[in-house]
Amino acid sequence: MYELLGTQGRARRGRFVTPHGTVETPVFMNVGTVGAIKGAVSTDDLKEIGCQIELSNTYHLHVRTGDPLIKRMGGLHRFMHWDRPILTDSGGFQVFSLSQLRGKIREEGVTFASHIDGHKIFMGPEESMQIQSNLGSTIAMAFDECPPSKADRSYIESSVARTTRWLERSIAEMDRLNQKEDTLNREQMLFGINQGGILEDVRVDHARRIRDLDMAGYAIGGLAVGETHEEMYRILDVTVPELPQNKPIYLMGVGTPENILEAVDRGVDFFDCVLPARNGRHGQVFTRHGKLKLKNAQYAEDDRPIDETCNCPACRSYSRAYIRHLLMAGEMLGLRLCVLHNLNFYNRMMAEIRDAMDHGTFAEYKRQTLEGFKEG
């Protein structure tokens, strides 16, 4: 259940109640693709840095370890020792991003080769729902096709029509699975996904079609895949108002701190992105004054923390110079500290956004924060 607590312009402050706990929105979901954050970050670490909801991936858990085993172990929550909400991506993006896939899409689903050992896998709406049911996640995502954002109109229109049919099949299969006695989470929620590339009319039409299906939430997919930031914001401007305002709205795979602030201002509630962890593993860290590349020689004798306003485990105890030393020496601790800092930065920013919304100061918070990033 989603409760709208307040608005400031189009920005929304909400609360989403799930079987695994309440999520205060806007929220950033930390991405643990195979049930863990890359960079030696534990679920206890996630709780310390304020993570409310974790995201894992259906395709990757299916090809590694396998969802039947995870079900036998009591489901993903128990398997990874995480008692807060989990959202599982349907695997659609990974399926369609694999090389040389075009031409293997059928109405039934998609046949593709595993990136692990090359064996053939078939996945359609029913298979994706079955895997996510085995995982027992709090929120499952409908199976969809993610077309290239700048594909030609005829392809995008046919792809979006197929995604709508797949959504209807995902709903039917999830309903069936939630009635089974051996289902791990019979309260599993399902989010539908809006597609349409950067074609405004296709996006709007698709939003209007799927909003009548009364999903637990709605996602906007197929952005941050090659289009400009301005194109992304334009699509959000026309799409978000067409989705149900009494349900959470999730912008998939986005993004930079600037992207998040702009999307919150347009009414988005949920975000996820690999960027903070991926950048951290390369020694790139976020601060209130932009990104730092800690491997640069200028930090070799810098005794300051990464960010003097931050209270994450890295900033509480270690200097930029020491973390740079670890990175240059190839020590895992350096990567871990950078990833922890970045995830803390994102979660703290979302908490500050919620606080600003609560006090009616989001517009000013956004302005000051964006100006601070430009100073770096």
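Residues numbered from 1 in each chain as written. Predicted model: local features only at pLDDT ≥ 70, side-chain atom pairs only at ≥ 80, totals over all residues. Heavy atoms only, no water.

Draft legend 1. Representation of the sheet that holds strand 3 (residues 21-25) within the structure. Pairing is antiparallel in the open sheet, where three strands are placed in the order 1-2-3. Unpaired on one side and paired on the other, strand 1 (2-8) and strand 3 mark the two borders of the sheet. When the angles between neighbouring strand axes are averaged without regard to direction, this sheet yields 10 degrees. For strand 1 and strand 2 (residues 11-18), the ladder comprises six bridges, and the chain directions are antiparallel. What sits directly across from Tyr-2, in strand 2, is Phe-16. Sheet strands in contact with helix 14 (residues 332-358) are strand 1, strand 2 and strand 3, and its direction is about 115 degrees off that of strand 2. (Pairing = 2+ DSSP bridges. Helix = DSSP H or I, 4+ residues; strand = E, 2+ residues; numbered from the N terminus. Axes fitted to C-alpha atoms, helices over the stretch in contact; angles between N-to-C directions. Contact = heavy atoms within 4.5 Å.)

Draft legend 2. Seen up close, a nonpolar patch on the surface. The grouping of Leu-69, Met-73 and Phe-79 at the surface amounts to a nonpolar patch, some 250 Å² of accessible area in total. Tracing the chain through its elements places Leu-69 in helix 3 (residues 67-72). Residue classification places Leu-69 among the partly exposed positions, given a relative accessible area of 31%. (Patch = residues over 30% accessible without salt bridge, like charges linked within 9 Å, V, L, I, M, F, W, Y side chains within 5 Å. Areas by Shrake-Rupley, 256 points an atom, 1.4 Å probe, with all protein chains shown as cover. Salt bridge = Lys/Arg side-chain N within 4 Å of Asp/Glu carboxyl O. Buried < 20%, exposed > 50% of the residue type's maximum accessible area, 1.4 Å probe, protein only.)

Draft legend 3. The layout of surface pockets, seen in detail. One number sums up the size of the largest pocket: a volume of about 1000 Å³. Elements supplying a minimum of two residues to the lining of the largest pocket: strand 4 (27-31), strand 5 (54-57), helix 2 (58-63), helix 5 (92-97), helix 9 (229-239) and helix 11 (275-281). With five residues, helix 11 is the largest single contributor of residues to the lining of the largest pocket. In the lining of the largest pocket, the residues fall into 22 nonpolar, 16 polar and eight charged. (1 Å grid on protein atoms, 1.4 Å probe; cavity = no way out; pocket = protein on both sides within 12 Å on 5 of 7 lines; lining within 4 Å. Points joined across faces, edges and corners; volume = space filled by probe spheres on them. Nonpolar A, V, L, I, M, F, W, Y, C, P; charged D, E, K, R; others polar.)

Draft legend 4. Region of interest: unusual backbone geometry. Residue Pro-26 follows Thr-25 across a cis peptide bond; omega there is 5 degrees. The omega torsion across Val-254 and Gly-255 is 0 degrees, close enough to zero to call that bond cis. Considering the arrangement of structural elements, one finds Gly-255 in the loop between strand 12 (249-251) and helix 10 (257-264). Of note, Thr-65 is a non-glycine position whose phi angle comes to about 70 degrees, a positive value.

Draft legend 5. Inspection of the packing of aromatic side chains at higher detail. All chains considered together, the criterion is met by 11 aromatic pairs. With a centroid separation of 5.4 Å and 75 degrees between ring planes, the pair formed by Phe-286 and Tyr-346 is classed as edge-to-face. A residue pair is termed long-range when its members are at least 10 positions apart, and Phe-286 in strand 14 (residues 284-287) and Tyr-346 in helix 14 qualify at 60 residues. Residue Phe-286 is classed as buried on the basis of its relative accessible area, which comes to 6%. Among the aromatic residues, ring-to-ring pairing joins Phe-28, Phe-286, Phe-345, Tyr-346 and Phe-373 into one connected group. Looking at Arg-162, its charged tip hangs above the ring of Trp-166, at a distance of 5.9 Å from the centre. (Phe/Tyr/Trp six-rings, centres within 6.5 Å; stacked < 30°, edge-to-face > 60°. Lys NZ or Arg CZ within 6 Å of the ring centre and 35° of its normal.)

Draft legend 6. Representation of the environment of Cys-315 within the structure. Structurally, Cys-315 is set in helix 12 (residues 313-317). Residue classification places Cys-315 among the buried residues on the basis of a relative accessible area of 9%. Here Cys-315 is in contact with Pro-305, Ile-306, Asp-307, Cys-310 and His-341, once residues within four sequence places are set aside.

Draft legend 7. Seen up close, empty space enclosed by the protein. One pass over the full model with this rule turns up two cavities of 30 Å³ or more. Taken together, Thr-287, Arg-288, Phe-345, Arg-348, Met-349, Glu-352, Tyr-365, Thr-369 and Phe-373 make up the lining of the largest cavity. Mapped by element, the contributors of at least two residues to the lining of the largest cavity are helix 14 and helix 15 (362-375). Looking at which element gives the most residues to the lining of the largest cavity, the answer is helix 14, with four residues. Here the residues of the lining of the largest cavity sort into four nonpolar, two polar and three charged.

Draft legend 8. Helix 13 (residues 320-329), seen in detail. Listed as buried for helix 13 are Arg-320, Ala-321, Ile-323, Arg-324, Leu-326 and Leu-327. Where helix 13 is buried, its residues meet strand 15 (290-293), helix 12 and helix 14. Taken from the residues just after helix 13, Gly-330 is the one with a positive phi, measuring 75 degrees.

Draft legend 9. Spatial organisation of the sheet that holds strand 12. Around the barrel, eight strands lie side by side as 4-5-6-9-10-11-12-13; this closed barrel has parallel pairing. Taking each pair of neighbouring strands and ignoring which way they run, the sheet shows an average axis angle of 30 degrees. As paired elements, strand 9 (residues 139-141) and strand 10 (residues 189-194) share three bridges and run parallel to each other. From the neighbouring strand, Met-141 faces strand 10, where its bridge partner is Phe-191.

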